[in-house]
Amino acid sequence: MSNNITVQLLNIDGDVQKYDDVNFIRIISKKYNLIIMKDYLPIIGEIQGKVEIGRENETVKMDKVRGYFMHKHNKFNLFYSD
């Protein structure tokens, strides 16, 4: 199975992290739980909670995230403060 989701994380300080080999993104927010996988529909939303980025050999976990995300064409962008 190919890992086709690209994730870009941009925090309020201007730091950028990029992951090209992501299997899924799990969002656990105040009002909903969401798992985004390859070819998921386009979505824009606000998050107040946790994010997990599932890669082949690791899972990147972020707690107490406040921000906004957008997923379109297997590209996920998160603009956040922590």
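Scroll up a little and you will see the structure.
Residues numbered from 1 in each chain as written. Predicted model: local features only at pLDDT ≥ 70, side-chain atom pairs only at ≥ 80, totals over all residues. Heavy atoms only, no water.

Asker: Help me understand the overall build of the protein, please; the structure alone is not making it clear to me.
Answerer: A tally of regular secondary structure across the protein gives zero helices and six strands. Its helices and strands in sequence order give the protein the pattern β-β-β-β-β-β, from N to C terminus. The C-alpha atoms of the protein give a radius of gyration of 12 Å, which matches the 12 Å a tight globule of 82 residues would have. Projected onto its principal axes, the C-alpha coordinates of the protein cover approximately 30 × 25 × 20 Å. Surface accessibility of the protein: about 5,400 Å² in total, with carbon and sulfur atoms responsible for 49%. (Helix = DSSP H or I, 4+ residues; strand = E, 2+ residues; numbered from the N terminus. Rg over C-alpha atoms; globule rule 2.2 N^0.38 Å. Areas by Shrake-Rupley, 256 points an atom, 1.4 Å probe, with all protein chains shown as cover.)

Asker: Please explain the side chain of His 71 as it appears in this structure.
Answerer: Mapped onto the elements, His 71 comes out in strand S5 (residues 59-72). For His 71, a relative accessible area of 0% puts it in the buried group. (Buried < 20%, exposed > 50% of the residue type's maximum accessible area, 1.4 Å probe, protein only.)

Asker: Would you mind going over the packing of aromatic side chains with me for this structure?
Answerer: Describing an aromatic ring pair means giving the distance of the ring centres and the angle of the ring planes. Using the criterion set out here, one finds one aromatic pair in the structure. Where Phe 69 meets Phe 76, the ring centres are 5.7 Å apart and the plane angle is 25 degrees; that geometry is what we call stacked. As far as the burial class goes, Phe 69 and Phe 76 line up, both buried. (Phe/Tyr/Trp six-rings, centres within 6.5 Å; stacked < 30°, edge-to-face > 60°.)

Asker: Before we go on, may I ask you to explain the pattern of salt bridges in this structure?
Answerer: Side chains that differ in charge, positive against negative, can pair when their charged atoms come close. For the structure shown, the criterion picks out three salt bridges. For the salt bridge of Arg 26 with Glu 52, the shortest nitrogen-to-oxygen distance reads 2.8 Å. Separated by 26 residues along the polypeptide, Arg 26 in strand S2 (residues 16-29) and Glu 52 in strand S4 (residues 43-55) bring together distant segments of the chain. Residue class for Glu 52 comes out buried when judged on its relative accessible area of 18%. Here Arg 55 and Glu 58 are joined by a salt bridge, their closest N and O atoms 2.4 Å apart. Within this structure, Asp 21, Arg 55 and Glu 58 form a network of salt bridges that share partners. (Salt bridge = Lys/Arg side-chain N within 4 Å of Asp/Glu carboxyl O.)

Just distances and angles here, no functional claims.
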